[in-house]
Amino acid sequence: MHAFTSGDSFKTISSSFWWRDLLKVGISTPSQEDPFSSNCSFVVGNGFTTPFWEVVWLNNISLKDFFPDLFELSTLKKVSVAAMGGWREEEWVWGDLGITEEEVVQAGLVSELGVLRSLLENFGGLKGGRDSVSWSLESEKVFSVASCYNWYVSLRTPFGPSKRCEEALEIVWKLEVPYKIKVFAWRLFVNRLPTKDLLVYRGISFASSNSSLNCIFCNTHLEENDHTFFKCVVIKVVWREIGVWLDFPDRREEEGMSSFMEWFFIGWRKGIKDGKLGVFWLAVCWSIWLTRNGFCFRNDKWNINNIVWNIKFLVWRWASYGEIAYSNCNFYDFCKDPLSFMS
């Protein structure tokens, strides 16, 4: 239960160092759904350990989310269900919830408070016994590591089943590129690159003068994984230039693994086997990342033309590592017709 609250009223609830670390892994990005709390609901017994506002125990949604304005008004934000009322002549009576009538009237929330009190009256009073937690991912409503793991995996493959995820990683691992590029691709797929949004979420400050949180290419959007590599208006020009070079249609996917598999199937239809077209995709993403790092750490100048030529050079250089292209392929011939050397 310690996973759901950080208020002073609940500091007596114990949790191991291992469990607290696991909870930190559970939410790795600001926008990601928490696999623990999103699948848990409290079953109220005596109400001593169930947070009133912050967890699901009434009406399948937390009262904080259902009544956000009332939550802001309340002076009792971090208390349990039991602390919101009391017994009077063997009957449970709800209190004022830390909200005065004057505040409710001034804020125009009389009707909302009426709805909340109606829900509480329908719930009735507290029961005997300890509070418990119900786990929605198991038919028996009891937490299991397996069901939580499967849920967590489903969050990591937003575009389809886990089989497709394994297929994409298997293709990347077999490509004839340096191992650090394969690791880079994996980190891009699972959103583990140190983009600025994640660094801020992990508590790293960007207070220096040359450390805007915006994308270094368009300077209009927060730097995050999908934007940096696929959604940025400047980067879309880079992808379009490479698409023209390869005689490819405009790409549609704007998420890492989906985009990679889109290129894989385009290459397959053009007779490029073994996912070798993925080398071009990796070169685009790696060149974008190198350009971003060069600007952030060394204030290097950049332009779209240089990024595009660097991509072409990377693919040609990586081709010499293995059997991607013919061994007698020079850079000039390669740039004129790259697909003939990949088929």
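Because the structure is a prediction, the values reported are computed rather than measured.

Let's talk about the pairing of strand E2 (residues 85–88)
Within a regular strand, the side chains alternate between the two sheet faces.
Okay, step 1: Note: E2 against strand E3 (residues 91–94), 4 bridges, orientation antiparallel. Its bridge partner being in E3, Gly85 is matched across the sheet by Trp94.
Okay, step 2: Between E2 and E3, which follow one another and run antiparallel, lie 2 residues, and Glu89 among them has a positive phi close to 55°.

Details of a nonpolar patch on the surface
Okay, step 1: A contiguous nonpolar surface patch, about 210 Å² in accessible area, is contributed by Val200, Leu213 and Leu222.
Okay, step 2: With a relative accessible area of 38%, Val200 lands in the partly exposed category.

Observations regarding the packing of aromatic side chains
Okay, step 1: Taken as a whole and judged by the stated rule, the model has 31 aromatic pairs.
Okay, step 2: Centre to centre, the rings of Phe189 and Trp281 are 5.8 Å apart; their planes meet at 40°, and the pair counts as tilted. Of the two residues, Phe189 is situated in helix H8 (residues 179–189) and Trp281 in helix H13 (residues 278–298); the sequence distance between them amounts to 92 residues.
Okay, step 3: Residue classification places Phe189 among the buried residues on the basis of a relative accessible area of 5%.
Okay, step 4: Judged by relative accessible area, which is 0%, Trp281 ranks as buried.

Points about the environment of Cys40
Okay, step 1: Locating Cys40 in the fold gives a position in strand E1 (residues 40–43).
Okay, step 2: In this structure Cys40 comes out as buried when scored by relative accessible area, which is 12%.
Okay, step 3: Sequence separation between Cys40 and Val56 is 16 residues; the distance between their C-alpha atoms is 7.3 Å.

Things to note about the side chain of Ser259
Okay, step 1: You can see Ser259 is positioned in helix H12 (residues 256–269).
Okay, step 2: If sequence neighbours within four positions are ignored, Ser259 has contacts with Phe230, Glu253 and Trp281.

Thoughts on the packing of H8 against H13
Okay, step 1: Running from N to C, H8 and H13 point in directions that differ by 80°, and their axes come no closer than 11 Å. Considered as vectors, H8 and H13 are oriented roughly perpendicular to each other. Residues Lys180, Ile181, Phe184, Ala185, Leu188 and Phe189 of H8 lie in contact with H13, whose contacting residues are Trp281, Leu282, Cys285, Trp286 and Trp289.
Okay, step 2: Across the contact of H8 with H13, the residue classes tally to 10 nonpolar, no polar and 1 charged.

Observations concerning helix H5 (residues 110–123)
Okay, step 1: Helix length check: H5 (14 residues) gives 20 Å between terminal C-alpha atoms against 20 Å at 1.5 Å per residue, within 8%.
Okay, step 2: Within H5, burial applies to Leu113, Leu116, Leu119 and Leu120. An end-on view of H5 places all buried positions within 120° of arc, on one side of the element. Residues of H5 that are exposed and point over 90 degrees away from its buried face: Ser111, Glu121 and Asn122.

Rules of the game
- Residues numbered from 1 in each chain as written.
- Predicted model: local features only at pLDDT ≥ 70, side-chain atom pairs only at ≥ 80, totals over all residues.
- Heavy atoms only, no water.
- Pairing = 2+ DSSP bridges.
- Helix = DSSP H or I, 4+ residues; strand = E, 2+ residues; numbered from the N terminus.
- Patch = residues over 30% accessible without salt bridge, like charges linked within 9 Å, V, L, I, M, F, W, Y side chains within 5 Å.
- Areas by Shrake-Rupley, 256 points an atom, 1.4 Å probe, with all protein chains shown as cover.
- Salt bridge = Lys/Arg side-chain N within 4 Å of Asp/Glu carboxyl O.
- Buried < 20%, exposed > 50% of the residue type's maximum accessible area, 1.4 Å probe, protein only.
- Phe/Tyr/Trp six-rings, centres within 6.5 Å; stacked < 30°, edge-to-face > 60°.
- Contact = heavy atoms within 4.5 Å.
- Axes fitted to C-alpha atoms, helices over the stretch in contact; angles between N-to-C directions.
- Parallel < 35°, antiparallel > 145°, perpendicular 65-115°, else oblique.
- Nonpolar A, V, L, I, M, F, W, Y, C, P; charged D, E, K, R; others polar.
- Expected span 1.5 Å × (residues − 1).
- Arc of directions from axis to C-beta.

In short, geometric facts, not functional conclusions.
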